[in-house]
Structures are given as structure tokens and as C-alpha cells.
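As a plain string of letters, each chain reads:
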Amino acid sequence: VIRSAKPVEKKEDKPIDMSRITEHMGRLDQREERIQKKIQDLDTQLEQIKQKIATSSGSTYQTLRMQASNIIRQKNMYLNQLKSVTNMNLTMGQTAATIENAQMMKEQYDVMKEVSSAQSQMFQSINLNEFMTLNDKMQDMRDDMDDVQEMMMDEDRKNTRLNSSHDQISYA
């Protein structure tokens, strides 16, 4: 039993809505800024603790060192989060660029297809035999004009020689 193939439905290509990607990238940018702000705050706290550590001793010194150690751990955690968010944002940016490039290629393909079709139609409207005949006729006319101009120049040269000879005979 042979089954006939169903005709393939050509679906209309629509440009991809980039707004979701753009919104997501905006949220990632905001998150990066918040994490960077937290890292700056931790750096400020760490600097303050370092100043206190320099002037303290004993149990106060140990307490401040533990606080500094906790702040450094928090900062490292935020740095890892920042790295992760930055990588996600970079990936989204690359994805957006890839989509835009694919859309541009599709548009270029469509334009090239239209131009090719228009050229094909123009060439179909031209009778090549008639074109070649017309071209040959025009070339023959150019050749005839060249021959006429050459004959006129030869005639002018003959007249010049004749006049020159006539002048020589008159003076003799």
C-alpha cells in the first residue's frame, strides 16, 4: 500500500520577539548591580574591621578576626554569584546576537530570491535571437559609418595632394 505524501504546509516566518530576551537581560543587569553593591558594602565593612583589628588585642582581636573571616566568606559567595550572573547575561547577549543574525540572513535570502525571480522574468521577456540580430545590425551600421568616414578622409587627402600639385605647376 502506497500512501501519498501530504503537501508540506509552508508556515509564515515571523520575526522573533526579542522583548523577552531584552527583559531578561535587564533583570540580570539589575541583579549584577545589586550584587556589586553588596560586595562594595562588604568591602567597606572589612576595611573598618581591619582598622579596628590594628588597634585591638585579646578577645576583641579574635572576635574582629572572626567577623572579618565571615565577611570574606560572604564576599566570595557574592563574587561567585556575580560571576554566574555575568556569564548568564553574556550567554543571553550571544543568543540575542545569534537570533538577530539569523533573522538578517533570512531577510537577505528573501530579498535575493525576489531579485532572482525578477531577473528571470526580465530575461524571459527578451528574445535573444532578436537581440542578437539587432546587435548585429547596429554593428554593421557602425562599420558602414567607419567606411564612409575613411572614404571621406581619403578623398580629402587626394584633394590636398591635387591642390598641392596644381600649386607647384602654377609657380613653375
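Residues numbered from 1 in each chain as written. Predicted model: local features only at pLDDT ≥ 70, side-chain atom pairs only at ≥ 80, totals over all residues. Heavy atoms only, no water.

This part covers the overall build of the protein. Within the protein, the secondary structure is distributed over three helices and zero strands. Going residue by residue from the N terminus, the α and β elements of the protein occur as α-α-α. Against the 2.2 N^0.38 benchmark of 16 Å for 172 residues, the protein shows a C-alpha radius of gyration of 44 Å, more extended than a compact globule. For the protein, the spread of C-alpha atoms along the three principal axes comes to 140 × 85 × 25 Å. Buried residues in the protein amount to 12% of all 172 residues. Sequence separation of at least 24 residues holds for 80% of the intrachain contacts in the protein that already meet a minimum separation of 6. Total accessible area on the protein stands at roughly 15400 Å², and carbon and sulfur atoms take up 55% of it. (Helix = DSSP H or I, 4+ residues; strand = E, 2+ residues; numbered from the N terminus. Rg over C-alpha atoms; globule rule 2.2 N^0.38 Å. Buried < 20%, exposed > 50% of the residue type's maximum accessible area, 1.4 Å probe, protein only. Contact = heavy atoms within 4.5 Å. Areas by Shrake-Rupley, 256 points an atom, 1.4 Å probe, with all protein chains shown as cover.)

As a further point, take helix α1 (residues 19-54). One turn of an α-helix holds 3.6 residues; hence residues three or four places apart share an orientation. For α1, which comprises 36 residues, the first-to-last C-alpha distance of 53 Å matches the rise-based estimate of 52 Å (1.5 Å per residue) to within 8%. Among all positions of α1, only I21, L28, E32, I35, I39, L42, L46, I49 and I53 are buried. Among the structural elements, α2 (58-124) are those in contact with the buried residues of α1. (Expected span 1.5 Å × (residues − 1).)

Time to look at a nonpolar patch on the surface. A grouping of F123, I126, L128, F131 and M132 is seen on the molecular surface, where their side chains present a nonpolar patch of about 540 Å² in accessible area. Among the elements that make up the nonpolar patch, the one with the highest residue count is helix α3 (residues 128-171) (three residues). Its location among the elements puts F123 in helix α2. Classification of F123 as exposed rests on a relative accessible area of 60%. (Patch = residues over 30% accessible without salt bridge, like charges linked within 9 Å, V, L, I, M, F, W, Y side chains within 5 Å. Salt bridge = Lys/Arg side-chain N within 4 Å of Asp/Glu carboxyl O.)

This part takes up the confidence of the model for the protein. Summarising the model, the protein shows a mean pLDDT of 88, and 90% of its residues fall at 70 or more. The weakest mean pLDDT in the protein belongs to α3 at 86; the strongest belongs to α1 at 95. (pLDDT = per-residue confidence, 0-100.)

Close contact between α1 and α2 brings their axes to 8 Å; oriented N to C, the two are set at 160 degrees. Considered as vectors, α1 and α2 are oriented roughly antiparallel to each other. Taken as a pair, α1 and α2 cross one another with a handedness that is left-handed. (Axes fitted to C-alpha atoms, helices over the stretch in contact; angles between N-to-C directions. Parallel < 35°, antiparallel > 145°, perpendicular 65-115°, else oblique. Left-handed = near helix turned anticlockwise from the far one by under 90°.)

This paragraph deals with a negative patch on the surface. A cluster of like negative charges, contributed by D136, D140, D143, D144, D146, D147 and E150, occupies part of the molecular surface. Within the element layout of this structure, D147 appears in helix α3. A relative accessible area of 45% means that D147 is categorised as partly exposed. (Lys, Arg positive; Asp, Glu negative; His and termini not counted. Charge placed at Lys NZ, Arg CZ, Asp CG, Glu CD.)

Under the counting rule described, the total for this entry stands at four salt bridges. Two residues, D41 and K37, come together in a salt bridge whose shortest N-O distance is 3.0 Å. You can see D41 and its partner K37 sitting in helix α1, four residues apart, about one turn around the helix. Assessed through its relative accessible area of 34%, D41 is described here as partly exposed.

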